[in-house]
Amino acid sequence: MTDESIMKLEKEGKILADYDYTDYIRARAYFSDKDYKNALFNINNAISKNNDNILYKKLKAEILNASGKESEAIKVVRQIQNSTDIINPDVKKDLDKILYYALSQTEKDENKQKYYLATYFYLNNDYQRAISELKLLMIKGETVNSPQLLGKIYEIID
């Protein structure tokens, strides 16, 4: 399906080549095929043509995250969060997921790493895994953020 979509786009040639959305679709297709190099190339092209599109930047952060460049993904997400008011709650939640996953991968402090991972699980509605991580943190004595998030989860599942 992905190769077929890319072939159709390329078949249209010059007509579609100038559109940022064409690059976005290519990037999305390469991303779904786990071809991160081509995905990043195409999403960068889309962003260069339309720097105001949050969804393009969100996809770039996803690509960077998936390709092991979590620190760069964090920078992209922070840039989006600092430069615009995100109105769509789904986009905000998706950006938070990317951010917390990347933070869990880059954080050196084990407690913070586990808290970020628990938050990522919470945002993905994987409450049992989040609870497991948070309980481990509380056993270790981390009582600043863990109890609050744990309480929020118990409120949701009850």
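Up top is the structure these notes are about.
Not measured: the values here are computed from a predicted model. (Residues numbered from 1 in each chain as written. Predicted model: local features only at pLDDT ≥ 70, side-chain atom pairs only at ≥ 80, totals over all residues. Heavy atoms only, no water.)

Colleague: I keep staring at helix H4 (residues 36-49) and nothing clicks. Help me out?
Modeller: Residues spaced three or four apart along an α-helix point in a common direction, a consequence of the helix completing one turn every 3.6 residues. Given a rise of 1.5 Å per residue, 14 residues ought to cover 20 Å, and the 20 Å separating the end C-alpha atoms of H4 matches this to within 8%. For H4, every residue scored as buried is listed here: Ala39, Leu40, Asn42, Ile43, Ala46 and Ile47. Contact partners of the buried residues in H4: helix H3 (20-32) and helix H5 (54-66). (Helix = DSSP H or I, 4+ residues; strand = E, 2+ residues; numbered from the N terminus. Expected span 1.5 Å × (residues − 1). Buried < 20%, exposed > 50% of the residue type's maximum accessible area, 1.4 Å probe, protein only. Contact = heavy atoms within 4.5 Å.)

Colleague: Sorry if this is basic, but what is going on with the pattern of salt bridges here?
Modeller: Pairing between side chains of opposite charge can happen when their charged atoms approach one another. Within this structure, the stated rule accounts for 9 salt bridges. Note that Asp23 is salt-bridged to Arg26, the shortest N-O span being 3.8 Å. On the criterion of helical spacing, the pair formed by Asp23 and Arg26 is a turn pair, its members being 3 residues apart in helix H3. Accessibility assignment for this pair places Asp23 and Arg26 in one class, buried. Where Lys92 meets Asp96, a salt bridge forms, and the shortest distance between an N and an O atom there is 3.4 Å. In this pair, Lys92 and Asp96 are both assigned in helix H7 (residues 89-106), 4 residues apart and thus about one turn of the helix distant. When its relative accessible area of 15% is taken as the criterion, Asp96 is described as buried. A single network of salt bridges, built from pairs that share partners, joins Arg28, Lys58, Glu62 and Asp94. (Salt bridge = Lys/Arg side-chain N within 4 Å of Asp/Glu carboxyl O.)

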